[in-house]
Amino acid sequence: MIIPAYLKPGDTVAIAAPARKISQQEIAPAVHLLQQAGFNVFYDDRLFAIENQFAGSDEVRASYLQSLLDNSEVKAIWCARGGYGSVKIIDRLDFTKFQQQPKWICGYSDVTVFHSHIHSNFNTATLHATMPINVHEGEFDSAANSTFIDALKGEPLKYEIPTHPFNRPAEVSAPVIGGNISMLYSLLGSPSDIQTEGKILFIEDLDEYLYHIDRMMSNIERNGQLQHLAALIVGHLSDMHDNTIPFGKNAEEIVAEHAYKYNIPLFFNFPAGHLPDNRAIRMGTEMHISYTTDNIIIEN
């Protein structure tokens, strides 16, 4: 696994918008957070382009992101927000200079497209973390923000989370991959699809119908992506919906039902995903999981 250089004071972080539109006012707190951490911040007017719900046309978003990938002064690219749109530009991008000078690609949710594509094609680590749209003045010391900055700087990440009744604990060390379930499902069979054998798979999702979760997990399973995992880690499964006739299981029960078919370690309630407590994960790098009677200890 190729690990981009960790950032030091004076390094430049660029803000990109590969999906939904963003305003200068909305990113202002994130700019202050980066500056407080000692980083320079770069963006240009293309960041604020608008085409319907998107941050400009596919061409504009791809062109701007390409310029950041090619800019040797930029050491990390922080995606402003998720929504939808990254998959529409991923095949327009040329990663030649990125391969020559790897840099951290940061974000979550729709940014799963980049995590998966970069891991599968360029064997390079990325950063699953909070995004500028989630940063607010007066909250810079939150776990989401502080672990994002720590991850960029190369500081060790260590999380202790309470045990969960659905857990199947074991001690595990393996590379961690994954992200948003809906995005992983949408990438199946594409050049951005992930290889999960021997890996720790992290999953999270938001605002889905329960039967959608079951359908996506069924397809992920049918594609052989659960059978040979080193472990499955489940983050926030937030704001789920049901039909008038209930599905009969909640999101955690659906995931557990699929995972229990295989002899793999399973851990729930990891603090990452679509909630304020969204802690950073260096995707593609080694993660070590251990446990006690009361806690799961995750180091990355």
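Up top is the structure these notes are about.
Analysis parameters
- Residues numbered from 1 in each chain as written.
- Predicted model: local features only at pLDDT ≥ 70, side-chain atom pairs only at ≥ 80, totals over all residues.
- Heavy atoms only, no water.
- Pairing = 2+ DSSP bridges.
- Helix = DSSP H or I, 4+ residues; strand = E, 2+ residues; numbered from the N terminus.
- Salt bridge = Lys/Arg side-chain N within 4 Å of Asp/Glu carboxyl O.
- Patch = residues over 30% accessible without salt bridge, like charges linked within 9 Å, V, L, I, M, F, W, Y side chains within 5 Å.
- Areas by Shrake-Rupley, 256 points an atom, 1.4 Å probe, with all protein chains shown as cover.
- 1 Å grid on protein atoms, 1.4 Å probe; cavity = no way out; pocket = protein on both sides within 12 Å on 5 of 7 lines; lining within 4 Å.
- Points joined across faces, edges and corners; volume = space filled by probe spheres on them.
- Buried < 20%, exposed > 50% of the residue type's maximum accessible area, 1.4 Å probe, protein only.
- Contact = heavy atoms within 4.5 Å.
- Core = buried A, V, L, I, M, F, W, Y, C linked by side-chain atoms within 4.5 Å.
- Expected span 1.5 Å × (residues − 1).

(A) Region of interest: the pairing of strand β12 (residues 286-291). Where strand β7 (residues 172-180) and β12 come together, 4 bridges link them in antiparallel fashion. The residue bridging Ser173 from the neighbouring strand is His288, located in β12. Two elements, β12 and strand β13 (residues 295-299), share 4 bridges in a ladder whose sense is antiparallel. Considered in β13, the bridge of Tyr291 is made with Ile296. In this structure, the hairpin formed by β12 and β13 is closed by a connection of 3 residues.

(B) Spatial organisation of the pattern of salt bridges. On inspection of all chains with the given rule, the structure shows 8 salt bridges. Here Asp58 and Lys88 are joined by a salt bridge, their closest N and O atoms 3.7 Å apart. In this pair, Asp58 is assigned in helix α2 (residues 58-70) and Lys88 in the loop between β3 (74-79) and α3 (96-100), connecting sequence segments 30 residues apart. Taken together, the shared-partner salt bridges in this structure form one network comprising Asp58, Arg61 and Lys88.

(C) Highlighting a nonpolar patch on the surface. A cluster of nonpolar side chains, contributed by Met1, Ile3 and Tyr6, occupies part of the molecular surface with about 270 Å² of accessible area. Within the fold, Ile3 resides in the segment before β1 (12-16).

(D) How the structure looks around empty space enclosed by the protein. Applying the stated criterion across every chain yields a total of 1 cavity of 30 Å³ or more. Of the volumes computed, that of the largest cavity is approximately 40 Å³. If you go around the largest cavity, the residues you meet are Leu65, Leu69, Ile77, Cys79, Phe95, Ile105 and Phe114. If you list the elements that add at least two residues to the lining of the largest cavity, you get α2 and β3.

(E) Broad picture of the side chain of Thr12. Within the secondary structure, Thr12 is located in strand β1. For Thr12, a relative accessible area of 15% corresponds to the buried category. Sequence-distant contacts of Thr12, defined by excluding residues within four places in its chain, comprise Asn40, Phe42, Glu73, Val74, Lys75 and Ala76.

(F) The nonpolar core, seen in detail. Within the largest apolar cluster, 74 residues are counted, with the highest numbers of intra-cluster contacts made by Trp78 and Ile289. If you look at the next biggest cluster of nonpolar residues, it comprises 26 residues, including Leu184, Ile203, Ile220 and Phe268.

(G) Quick peek at helix α7 (residues 210-222). Here α7 contains 13 residues, and its C-alpha end-to-end distance of 18 Å stays within 8% of the 18 Å for a straight helix at 1.5 Å per residue. Turning to α7, its buried residues are Leu210, His212, Ile213, Asp214, Met216, Met217, Ile220 and Glu221. Where α7 is buried, its residues touch α6 (181-187), β8 (200-206) and α8 (251-259). Positioned one or two residues after α7, Gly224 has a phi angle of 80 degrees, which is positive.

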